[in-house]
Amino acid sequence: NILRKVFEHLSKIPGVTDAINTRLPEKYRRNLAQADTAIPSIEFPVTLTNGIITIPNLRIFFEGFTLYGAGQIGLSGTIKSEATLVLAPALSQLLIQSVPTMQYIADPQGNLAFPVRISGTTQNLLVLPDTDYIFSRVMATKGQELITNVLQKALNKNQAATAEGGAGNAQE
């Protein structure tokens, strides 16, 4: 179950587990309870070279998320793919409202989007969100926000001091 695996990894972020356990809509709870992710019928271009199927441009719409990426499948069933997982707007907003730091991994449309690595076999698929990317993006954006606030306060103090100094000189 891809969505369950992703949420398991996102649960390392404080507040995510609580949001999933208490605020997740029923249709997504049912999906998480399923053993596997239902894969819709899809069509995409592939090339076959030396026993490896290459998928250069993949886009699959699932219940709750979309997967964009590229990858390879060996004839033995081994899968190796780099992709971007974009949560549906309802799930993205639920997580952002519950865990404000999640906004730092939102795409321009406000949907949570992050890289995932997919590997393993068709029988034992491993889906790993790139938690290093997620944490570095959160830290970098939050750090920028904090630095901007400190600089803004310093500038406001300097402007206030200059205004007071200028007023004092005018009275002399």
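Parameters and conventions
- Residues numbered from 1 in each chain as written.
- Predicted model: local features only at pLDDT ≥ 70, side-chain atom pairs only at ≥ 80, totals over all residues.
- Heavy atoms only, no water.
- Salt bridge = Lys/Arg side-chain N within 4 Å of Asp/Glu carboxyl O.
- Helix = DSSP H or I, 4+ residues; strand = E, 2+ residues; numbered from the N terminus.
- Buried < 20%, exposed > 50% of the residue type's maximum accessible area, 1.4 Å probe, protein only.
- Axes fitted to C-alpha atoms, helices over the stretch in contact; angles between N-to-C directions.
- Parallel < 35°, antiparallel > 145°, perpendicular 65-115°, else oblique.
- Left-handed = near helix turned anticlockwise from the far one by under 90°.
- Contact = heavy atoms within 4.5 Å.
- Nonpolar A, V, L, I, M, F, W, Y, C, P; charged D, E, K, R; others polar.

Q: Would you explain the pattern of salt bridges in this entry?
A: As a working rule, side chains carrying opposite charge can pair if their charged atoms are close by. Going through the model one piece at a time under the given rule, you end up with two salt bridges. A salt bridge links Glu-63 to Lys-27, with the shortest nitrogen-to-oxygen separation between them at 3.4 Å. Highlighted residues: Glu-63 in the loop between β2 (52-62) and β3 (65-74) and Lys-27 in helix α3 (residues 26-33), separated in sequence by 36 residues. Residue classification places Lys-27 among the partly exposed positions, given a relative accessible area of 40%. Between Glu-82 and Arg-117 there is a salt bridge; the shortest N-O distance is 3.1 Å. Separated by 35 residues along the polypeptide, Glu-82 in strand β4 (residues 78-87) and Arg-117 in strand β5 (residues 113-121) bring together distant segments of the chain. Residue Arg-117 is classed as partly exposed on the basis of its relative accessible area, which comes to 43%.

Q: Please clarify how the packing of helix α2 (residues 16-23) against helix α4 (residues 89-98) should be interpreted in this entry.
A: Any two packed helices are characterised by the angle at which their axes cross and by the distance between the axes. Between α2 and α4, the shortest axis-to-axis distance is 9 Å and the interhelical angle comes to 125°. When the axis of α2 is compared with that of α4, the two are oblique. Our pair here, α2 against α4, has a crossing hand that is right-handed. Touching Val-16, Ala-19, Ile-20 and Arg-23 of α2 are Leu-94, Leu-95, Gln-97 and Ser-98, all from α4. Its residues assigned to classes, the contact of α2 with α4 comprises five nonpolar, two polar and one charged.

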